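Descriptive analysis of the structure
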Amino acid sequence: SVDMILSDPPFNQGINYDKSFDDMKSDEVYEQELRDRIREMSRVLKTGRVCIIFIGDRSLIHVLRAADGTDLVLAHYLKWVKDNSQSSLPVFTLFWKVEIACLFVKGGKANLSKYHKNVLATDSLHYNSTFAGSDEPGGGFHPCQRPYKLYERLILAFTDDGEIVLDPYLGSGTLLLAARSCGRVGLGFELIPKHEAFIERRINAKITDDNLKLTDW
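None of the values given here were measured: they were computed from a predicted structure. (Residues numbered from 1 in each chain as written. Predicted model: local features only at pLDDT ≥ 70, side-chain atom pairs only at ≥ 80, totals over all residues. Heavy atoms only, no water.)

Counting secondary structure elements, the protein chain contains five helices and seven strands. Along the protein chain, from the amino end to the carboxyl end, the secondary structure elements read β-α-β-α-β-β-β-α-β-α-β-α. Counting every position in the protein chain, which comprises 217 residues, the buried fraction comes to 47%. Taking contacts inside the protein chain between residues at least 6 apart in sequence as the whole, the part at least 24 apart equals 70%. For the protein chain, the exposed surface amounts to about 11000 Å²; the carbon and sulfur share of it is 53%. (Helix = DSSP H or I, 4+ residues; strand = E, 2+ residues; numbered from the N terminus. Buried < 20%, exposed > 50% of the residue type's maximum accessible area, 1.4 Å probe, protein only. Contact = heavy atoms within 4.5 Å. Areas by Shrake-Rupley, 256 points an atom, 1.4 Å probe, with all protein chains shown as cover.)

Okay, here's the thing in structure tokens:
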């Protein structure tokens, strides 16, 4: 079991992750894939703990439908405000400086002893986007890389030292690095080979910077 889930699944809006990955599936196929994964996320998450899923406006309804029938209960919407955001979606978008994240609680009643309000007392989070040329480590390699500090803050807000945080859609591996820096254990999965290789390079670079051995990670 895990103490928190923090993830960013594909939006199904035609983003070019890799030639081997289709990000423009039919709504039915996309929603079924989400349903299969969110069911497992609900299963492994401890009761009373938080699952945060970043998602695009057009895909929000599919996440909510996929969570329906599981033990994940929607509690809040978080807003990631990206002041430096640049529209990169291939679909028509009027507004791209705010991204929604669904905050679910397993069982509906949050374990408030694990919520650190001094870290997060608002539903609006201001962090610049990560893109090529930004100062984010590895910025620009992955089309949807999340800011390191954004993940750090969310992890610190909803977990205690030594607890386990899961990301079923690792992408660029930001969760693993953020969890480590917060003194938590990061777990995750990634299907696209080139992204997996990038994650390994990021982790190895961090290990070198911290003068660690791979077995210490």
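In contact at an axis separation of 8 Å, helix α1 (residues 27–44) and helix α2 (residues 60–67) are set at 45 degrees when each is read in the N-to-C sense. By the angle between their axes, α1 is oblique relative to α2. Viewed along their axes, α1 and α2 form a crossing whose handedness is right-handed. Of α2, the residues touching α1 (which contributes D27, Y30, E31, L34, R35 and I38) are H62, V63, R65, A66 and A67. Looking at the contact of α1 with α2 residue by residue, the class counts come to six nonpolar, one polar and four charged. (Axes fitted to C-alpha atoms, helices over the stretch in contact; angles between N-to-C directions. Parallel < 35°, antiparallel > 145°, perpendicular 65-115°, else oblique. Left-handed = near helix turned anticlockwise from the far one by under 90°. Nonpolar A, V, L, I, M, F, W, Y, C, P; charged D, E, K, R; others polar.)

This brings us to the sheet that holds strand β6 (residues 164–167). To summarise the sheet geometry, strands pair through backbone hydrogen bonds and adopt either a parallel or an antiparallel arrangement. The mixed open sheet is built from seven strands, whose spatial order is β5-β3-β4-β2-β1-β6-β7. This sheet does not close on itself; its edge strands, each paired only once, are β5 (124–126) and β7 (185–188). Going from strand to strand, the sheet's axes swing by 25 degrees on average, the running direction of each strand aside. Sheet analysis places strand β1 (residues 2–7) next to strand β2 (residues 45–55), joined by five bridges and oriented parallel. When the sheet's bridge partners are listed, I5 is paired in β2 with C51. The strands touched by helix α4 (residues 174–181) are β1, β6 and β7; relative to β7, the strand with the most contacts, the crossing angle is about 165 degrees. (Pairing = 2+ DSSP bridges.)

Attention now moves to α2. The set of residues buried in α2 consists of L60, H62, V63, A66 and A67. Seen end-on, α2 carries its buried residues on one side only, within an arc spanning 165 degrees. The inward-facing, buried residues of α2 contact α1, β2, β3 (72–81) and β4 (98–106). One or two steps after α2, the chain reaches G69, where phi turns positive at roughly 95 degrees. (Arc of directions from axis to C-beta.)

Burial within β4 is extensive, with eight of its nine residues counted as buried. Examined bridge by bridge, β2 and β4 share six bridges and lie antiparallel to one another. Each residue of the ladder has a partner; that of I53, found in β4, is C102. With nine bridges joining them, β3 and β4 adopt antiparallel strand pairing. Directly across from L78, in β4, lies its bridge partner A101.

A few words now on α1. With 18 residues, α1 extends 26 Å from end C-alpha to end C-alpha; this agrees with the ideal 26 Å at 1.5 Å per step. Elements that come into contact with the buried residues of α1 comprise β1, β2, α2, β3, β4 and β6. (Expected span 1.5 Å × (residues − 1).)

The next subject is empty space enclosed by the protein. Across all of its chains, the model carries one cavity of 30 Å³ or more by this definition. Taken as a whole, the largest cavity encloses approximately 30 Å³ of empty space. Together, P9, L34, R37, I38, M41, I53 and Y169 line the largest cavity. Considering every element that reaches the lining of the largest cavity, the biggest residue donor is α1, with four residues. Partitioning the lining of the largest cavity into residue classes produces six nonpolar, no polar and one charged. (1 Å grid on protein atoms, 1.4 Å probe; cavity = no way out; pocket = protein on both sides within 12 Å on 5 of 7 lines; lining within 4 Å. Points joined across faces, edges and corners; volume = space filled by probe spheres on them.)

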